[in-house]
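What follows is the residue order along each chain.
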Amino acid sequence: MSDHPVLHVKGRVLVGPDDVRDELWVVGGRISYERPGGARDVRVVEGWALPGLVDAHCHVGLDAHGPVPADVSEKQALTDRDAGTLLIRDAGSPSDTRWIDGRDDLPKIIRAGRHIARTRRYIRNYAHEIEPEDLVAYVAQEARRGDGWVKLVGDWIDRGTGDLSACWPREAVEAAIAEAHRLGARVTAHCFAEDSLRDLVEAGIDCVEHATGLTEDTVPLFAERGVAIVPTLVNIATFPRLADGGEARYPQWSAHMRRLHERRYDTVRAAYDAGIPVYVGTDAGGSLAHGLVAAEVAELVTAGIPPVEALSATAWGARRWLGRPGLDEGAPADLVVYEGDPRDDVRVLADPRRVVLNGRIVG
């Protein structure tokens, strides 16, 4: 307790979108709304305070070529931290990053284990590449290794057809998702295209990453089942470049990727309007840089999501969805302080004034 400074955060504390308080205290690394008695050497932090931001689709320990060494993983995590991301749902990584849990200066990570993909149907060196008869066993393995999540690759380019197509038969995903749920894990899946979505949702999946293939037929299904999406719009922005690169060999796939990109904002807004839970994720760590959480929130606003709801998708709502506390009495003091009110203009998220992690100012 004594090695933690006492902090007095004052100005406006956004405990929730409508729960705004004048101050909080950090004592012993934890949040308190009662002034501590006899505190000395109190450090004052002023501004607009939010819970530490959430990046719900991030890959620490991964780059464009596969797993990276620990020093690179550390730089990735520090970049996210300095951008205000203090809670990461790592949506698949081949690296063992458990050592990060022992570092109180690095973001907290909720892991989904390693991606599970169909043989030769994903990026090389990223995933376990298996056939459907082994899916249940690998899901069970990653459910035990992860932190309550498992990540499937739901679709990818089929070199035989030259376009995106579903990776798994319906009966295989039904059995795999049932096994994950039996083991207490939730399941998410990478999905760009349209044709894998119905089977995954009806099989009981909990979340879909990217979800660019949502249509007027599947939006109501997602809403009815309460299946969340993490659109990763900063990643979807790369689709035209990817399409250009694949044009000569896979023209059908390239045209499909361009269509998905062109309607991306309409897709996200239709999902939000239907009541589908939408959360912030950047897809950092593959070919995308870390530290883009503010840009992704801004993209959700561009798509038509109200600023306070886009903010909740990386703050209060996202933490609730992942089962982690916000600015609650007695919670670990993970918070970010800004110059202005992010509810008025989410662009202030790009310039944190102070980052407090586990009760210490780290940025």
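See the structure shown above.
Definitions and limits used
- Residues numbered from 1 in each chain as written.
- Predicted model: local features only at pLDDT ≥ 70, side-chain atom pairs only at ≥ 80, totals over all residues.
- Heavy atoms only, no water.
- Core = buried A, V, L, I, M, F, W, Y, C linked by side-chain atoms within 4.5 Å.
- Buried < 20%, exposed > 50% of the residue type's maximum accessible area, 1.4 Å probe, protein only.
- Helix = DSSP H or I, 4+ residues; strand = E, 2+ residues; numbered from the N terminus.
- Salt bridge = Lys/Arg side-chain N within 4 Å of Asp/Glu carboxyl O.
- Lys, Arg positive; Asp, Glu negative; His and termini not counted.
- Polar contact = N/O pair within 3.5 Å; in protein donor to acceptor, adjacent residues only side chain to side chain.
- Contact = heavy atoms within 4.5 Å.
- Axes fitted to C-alpha atoms, helices over the stretch in contact; angles between N-to-C directions.
- Parallel < 35°, antiparallel > 145°, perpendicular 65-115°, else oblique.
- Left-handed = near helix turned anticlockwise from the far one by under 90°.
- Nonpolar A, V, L, I, M, F, W, Y, C, P; charged D, E, K, R; others polar.
- Pairing = 2+ DSSP bridges.

**Overview of the nonpolar core**
Logical step 1: In terms of nonpolar packing, the biggest core is built from 77 residues, with Leu-50, Leu-135, Ile-205, Phe-222 and Leu-300 touching the most fellow members.
Logical step 2: With five residues, helix α3 (residues 170-182) is the largest single contributor of residues to this core.
Logical step 3: Among the nonpolar cores identified, the runner-up in size contains 14 residues, and Leu-24, Ala-49, Leu-327 and Ala-333 belong to it.

**Some details on the pattern of salt bridges**
Logical step 1: Considering all chains together, one arrives at 27 salt bridges under this definition.
Logical step 2: Between Arg-103 and Asp-105 there is a salt bridge, and its shortest N-O distance comes to 2.8 Å.
Logical step 3: Judged by its relative accessible area of 23%, Asp-105 falls in the partly exposed class.
Logical step 4: Among the charged side chains, a network of salt bridges with common partners joins Arg-170, Glu-174, Arg-198, Asp-199 and Glu-202.

**Remarks on the side chain of Lys-151**
Logical step 1: As for its placement among the helices and strands, Lys-151 is situated in strand β12 (residues 149-153).
Logical step 2: Look at Lys-151: it is buried, it has no salt bridge, and the nearest opposite charge is Glu-209 at 5.8 Å.
Logical step 3: Polar side-chain contacts of Lys-151 include one of 2.9 Å to the backbone oxygen of Ala-91.
Logical step 4: Excluding residues that lie within four positions of it along the chain, Lys-151 makes contacts with His-57, His-59, Ala-91, Ala-112, Arg-114, His-115, Ile-116, Thr-188, Ala-189, His-190 and Glu-209.

**Quick word on the packing of helix α2 (residues 135-145) against α3**
Logical step 1: It is the contact of α2 with α3, at a shortest axis distance of 9 Å, that shows an interaxial angle of 25°. In terms of orientation, α2 lies roughly parallel with respect to α3. In the crossing of α2 with α3, the sense of the turn from one axis to the other is right-handed. Facing Leu-135, Val-136, Val-139, Ala-140 and Arg-144 of α2, the residues of α3 in contact are Ala-172, Val-173, Ala-175, Ala-176, Glu-179, Ala-180 and Arg-182.
Logical step 2: Counted by class, the contact of α2 with α3 contains nine nonpolar, no polar and three charged residues.

**So, the sheet that holds strand β2 (residues 20-27)**
Logical step 1: Read from one edge to the other, the open sheet built from seven strands follows the order β3-β2-β1-β4-β18-β19-β20, with strand pairing classed as mixed. Strands at the two margins of the open sheet, each flanked by one partner only, are β3 (30-32) and β20 (360-361).
Logical step 2: Where β2 lies against β3, three bridges are found, and the strand directions are antiparallel. Counterpart to Val-27 in the pairing with β3 is Arg-30.

**What to know about the pairing of strand β19 (residues 354-357)**
Logical step 1: In this sheet, β19 lies alongside strand β18 (residues 335-338) in antiparallel orientation, the contact comprising three bridges. Residue pairing across strands places Leu-335 opposite Val-356, the latter belonging to β19.
Logical step 2: Hairpin connection from β19 to β20: two residues lie between these consecutive antiparallel strands, with Asn-358 at a positive phi of about 55°.

**Focus: the packing of helix α7 (residues 239-246) against helix α8 (residues 251-262)**
Logical step 1: Where α7 contacts α8, the axes come no closer than 8 Å and their chain directions differ by 170°. Comparing the axis directions of α7 and α8 gives the class roughly antiparallel. Between α7, through Phe-239, Pro-240, Leu-242, Ala-243, Asp-244 and Gly-246, and α8, the contact on the second element is made entirely by Pro-251, Trp-253, Ser-254, Met-257, Arg-258, Leu-260 and His-261.
Logical step 2: Residue composition of the contact of α7 with α8, grouped by class: eight nonpolar, three polar and two charged.

**Details of unusual backbone geometry**
Logical step 1: Positive phi values are uncommon outside glycine, yet Arg-120 reaches one of about 55°.
Logical step 2: Relative to the elements of secondary structure, Arg-120 occurs in the loop between β10 (116-118) and β11 (128-130).
Logical step 3: Positive phi, close to 50°, is recorded for Thr-232, a residue that is not glycine.
Logical step 4: Here Thr-232 lies in the loop between β17 (228-230) and α6 (233-236).

By themselves, these observations are geometric and do not establish any function.
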